[in-house]
Amino acid sequence: DGGITQSPKYLFRKEGQNVTLSCEQNLNHDAMYWYRQDPGQGLRLIYYSQIVNDFQKGDIAEGYSVSREKKESFPLTVTSAQKNPTAFYLCASSIVGNAEAFFGQGTRLTVV
Amino acid sequence: AQSVSQHNHHVILSEAASLELGCNYSYGGTVNLFWYVQYPGQHLQLLLKYFSGDPLVKGIKGFEAEFIKSKFSFNLRKPSVQWSDTAEYFCAVYMRFGAGTRLTVKP
C-alpha cells in the first residue's frame, strides 16, 4: 500500500526540548516537503528536498532542521529555537519538484 | 516574493448553490497550478491541476478551474455543491499554498 507515513500522530513535548517528526514514503518520489498548518494561514513551507542529500529552506525555516540521507525518509527536527512550535505538521512528496504532491496524515505537536 | 492569495476565508452555501473560489498568484513565467481539498479528518488530496494546454481543467467530483494568465488567476468552480463538499480548499502554485477557504454546505 503506497503512501506517506508520518509518525506519531500526536506528540507532546516540554518547552526547550528538541523533537523529531518522522516522514517516510514508499512512492519512490524524488521530492519531499515539510509544511506547517495553522488555522487561517494555510500551509507554510518549512523545508523541501528535491534529491537525496540536498535540501533547501522554505519560507519559515527558522528553528527547524531536516536531513535527507535516504530517498524515502525526510525527518524534521523542531528545535528549541522555534518560538511557537505548537502546530500541525504535514509532510508531502512528489515525483519531481513541481508535480502533484501527496500528503501524509500529519503530526500534531503540542509543546507545553 | 512568490505568493498565493485566496480571497475567501469562509464560504457558506446551501446545497445546489453554485461555487466559485478565487485564487491569485504572483509568480513569473510558466506555472503549475493546483487545487487541493482537505475533508474533515482526511489527508489533503488533489482536486485538479493545470500544467499547460486548455485553460479550463476538470477535476474530481464535478469541480473545474479556469486559468487566466493575464489575471494571474486560477479560480475553482462547481455548478451545484453538495453537503459532502464541506471541506477546506487550498490553491497551490508549485510548492506554495494559499491560506485556504473553508466551505460549509448546509443541507
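Provided above is the structure to which this section pertains.
Criteria and thresholds
Residues numbered from 1 in each chain as written. Chains lettered and ligands numbered in written order. Predicted model: local features only at pLDDT ≥ 70, side-chain atom pairs only at ≥ 80, totals over all residues. Heavy atoms only, no water. Pairing = 2+ DSSP bridges. Helix = DSSP H or I, 4+ residues; strand = E, 2+ residues; numbered from the N terminus. Axes fitted to C-alpha atoms, helices over the stretch in contact; angles between N-to-C directions. Contact = heavy atoms within 4.5 Å. Buried area = accessible area lost by both parts, 1.4 Å probe. Polar contact = N/O pair within 3.5 Å; in protein donor to acceptor, adjacent residues only side chain to side chain. Nonpolar A, V, L, I, M, F, W, Y, C, P; charged D, E, K, R; others polar. Core = buried A, V, L, I, M, F, W, Y, C linked by side-chain atoms within 4.5 Å. Buried < 20%, exposed > 50% of the residue type's maximum accessible area, 1.4 Å probe, protein only. Disulfide = S-S within 2.5 Å. Phe/Tyr/Trp six-rings, centres within 6.5 Å; stacked < 30°, edge-to-face > 60°. Lys NZ or Arg CZ within 6 Å of the ring centre and 35° of its normal.

### Thoughts on the sheet that holds strand β3 (residues 19-25) of chain A
Residues and elements named next belong to chain A. Spatially, 4 strands are ordered β1-β3-β8-β7 in an open sheet, and the strand pairing comes out antiparallel. Every other strand in the sheet has two partners, leaving β1 (4-7) and β7 (64-66) as the edge strands with one partner each. Within the sheet, the average angular offset between the axes of one strand and its neighbour, ignoring direction, is 20°.

### Remarks on the interface of chain A and chain B
On the chain B side, the residues contacting the 21 residues of chain A number 20 residues. A buried area of about 1,600 Å², summed over both sides, lies between chain A and chain B, and 56% of it is on carbon and sulfur atoms. Its largest share of buried area at the contact with chain B, chain A owes to N98(A), E100(A) and F103(A), together 32% of the area lost on that side. Counting across the chain A and chain B interface gives 7 residue pairs in polar contact (both at pLDDT 80 or more). Among the residues forming the side of chain A that touches chain B, the class breakdown is 10 nonpolar, 9 polar and 2 charged.

### Focus: the nonpolar core
It is characteristic of soluble globular proteins that their nonpolar side chains tend to be buried jointly. The biggest cluster of nonpolar side chains holds 29 residues, and the ones touching the most others in it are W35(B), L48(B), F74(B), L76(B) and Y89(B). Sort the elements by how many residues they give to this core and strand β10 (residues 87-93) of chain B lands first, with 4 residues.

### Things to note about the pairing of strand β6 (residues 54-57) of chain A
All names here are of chain A. With 3 bridges joining them, strand β5 (residues 42-51) and β6 adopt antiparallel strand pairing. Looking at β6, one finds that Y47 is bridged to K57. Linking β5 back to β6 in an antiparallel pair, the connection comprises 2 residues, with N53 at a positive phi of about 65°.

### A short note on the state of the cysteines
As enumerated under the stated definition, the model contains 2 disulfides over all chains in all. Two residues, C23(A) and C91(A), share a disulfide whose sulfurs are 1.9 Å apart. Of note, the bridge from C23(A) to C91(A) carries an S-S torsion of about -75° and is left-handed in sense. Pair noted here: C23(A) is in strand β3 and C91(A) is in strand β9 (residues 87-94), with a separation of 68 residues, a long-range link. The buried category is assigned to C23(A), whose relative accessible area is 1%. Across the disulfide, C23(B) is cross-linked to C91(B) (sulfur-sulfur distance 1.9 Å). As the torsion about the S-S bond is roughly -70°, the C23(B)-C91(B) disulfide counts as left-handed. Highlighted residues: C23(B) in strand β4 (residues 23-26) and C91(B) in strand β10, separated in sequence by 68 residues. There is no split in this pair, since C23(B) and C91(B) are both buried.

### Section: the packing of aromatic side chains
In this structure the tally under the stated criterion is 15 aromatic pairs over all chains. Each ring, one from Y50(B) and one from F74(B), has its centre 6.5 Å from the other, and the planes form 45°; the classification is tilted. With Y50(B) in strand β6 (residues 44-50) and F74(B) in strand β9 (residues 73-78), the pair connects residues that are 24 residues apart, well separated along the chain. Exposure class is identical for Y50(B) and F74(B). Each is buried. Put simply, the rings of Y33(A), Y35(A), F103(A), F34(B), Y36(B), F51(B) and F97(B) pair up and form one aromatic cluster. Taking the ring centre of F74(A) as reference, the NZ or CZ of R68(A) above it sits at 6.0 Å.

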